[in-house]
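Coordinate analysis (summary)
Listed below, chain by chain, are the residues.
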Amino acid sequence: MTFYERYEALCRVRGIEPCSQSTAEKLGTTRSNISYWKKGTKPNVEIVRSAATMLQTSADYLLGRTDDDTDYTVAQKTGPSLPEDVTTMLSGLDSADLEKVMIYARGLLDGDKYQKRRPR
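A few points on the structure. All values derive from a computational prediction rather than experimental measurement.

1. So, the pattern of salt bridges
- All chains considered together, the criterion is met by 7 salt bridges.
- Note that Glu 8 is salt-bridged to Arg 12, the shortest N-O span being 3.6 Å. In this pair, Glu 8 and Arg 12 are both assigned in helix H1 (residues 3-13), 4 residues apart and thus about one turn of the helix distant.
- For Arg 12, a relative accessible area of 24% corresponds to the partly exposed category.
- When the shortest N-O distance is used, the salt bridge between Glu 99 and Arg 106 registers 3.8 Å.
- You can call Glu 99 partly exposed: its relative accessible area is 39%.
- Residue classification places Arg 106 among the partly exposed residues on the basis of a relative accessible area of 43%.
- One salt-bridge network, in which partners are shared between bridges, spans Glu 8, Arg 12 and Glu 17.

Here you go:
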């Protein structure tokens, strides 16, 4: 996979529009620079670092140096990441269906099973 393919797949999983103006601004670049990534150009190191942070992955994953997309600096603080098969399934969804998954997950988390019970 190319840099852009990895970048785009993670954006989709995380509900981020990969080529939007707001995403470009968060990364400190322009939409036209992002379009060059589709053609095989790689961004500079600062943009790769920003993208890795925004997408909660490692720069090595985005650059194709590893197939492990875990950001171990975050994983150590937050616990395990999603299983690979779940990530793969989510990456195949469009933004409307990803929103449906998010709504469903929020509903599950709002249920009694996941609410911390207050001590009496």
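That shown, we press on.
2. Side note on the packing of H1 against helix H3 (residues 31-38)
- Relative to each other, H1 and H3 sit at 120 degrees, their axes nearing to 7 Å. With respect to each other, H1 and H3 are oriented oblique. The residues of H3 that touch H1, namely those facing Phe 3, Tyr 4 and Tyr 7, are Ile 34, Trp 37 and Lys 38.
- When the residues that make up the contact of H1 with H3 are grouped by side-chain class, the tally is 5 nonpolar, no polar and 1 charged.

3. Things to note about the side chain of Asp 71
- Relative to the helices and strands, Asp 71 resides in the loop between helix H5 (59-62) and helix H6 (72-78).
- No salt bridge is formed by the buried Asp 71. Its closest oppositely charged neighbour is Arg 14, at 8.1 Å.
- Ignoring sequence-local partners within four residues, the contact set of Asp 71 consists of Gln 56, Thr 57 and Ser 58.

4. Observations regarding the nonpolar core
- Judged by nonpolar contacts, the single largest core of 19 residues is most densely connected at Tyr 7, Leu 27, Ile 34, Trp 37, Met 54, Leu 55 and Leu 62.
- When contributions to this core are tallied by element, the ones reaching two or more residues are H1, helix H2 (21-27), H3, helix H4 (45-55) and H5.
- Here the element with the most residues in this core is H4; it accounts for 6 residues.
- When sequence neighbours within four positions are dropped, the list of residues in contact with Leu 55 reads Tyr 7, Leu 10, Cys 11, Arg 14, Ile 16 and Leu 62.

Reading the values: the criteria
Residues numbered from 1 in each chain as written. Predicted model: local features only at pLDDT ≥ 70, side-chain atom pairs only at ≥ 80, totals over all residues. Heavy atoms only, no water. Salt bridge = Lys/Arg side-chain N within 4 Å of Asp/Glu carboxyl O. Helix = DSSP H or I, 4+ residues; strand = E, 2+ residues; numbered from the N terminus. Buried < 20%, exposed > 50% of the residue type's maximum accessible area, 1.4 Å probe, protein only. Axes fitted to C-alpha atoms, helices over the stretch in contact; angles between N-to-C directions. Parallel < 35°, antiparallel > 145°, perpendicular 65-115°, else oblique. Contact = heavy atoms within 4.5 Å. Nonpolar A, V, L, I, M, F, W, Y, C, P; charged D, E, K, R; others polar. Lys, Arg positive; Asp, Glu negative; His and termini not counted. Core = buried A, V, L, I, M, F, W, Y, C linked by side-chain atoms within 4.5 Å.

Fair warning: the whole summary comes from geometry, so function is off the table for now.
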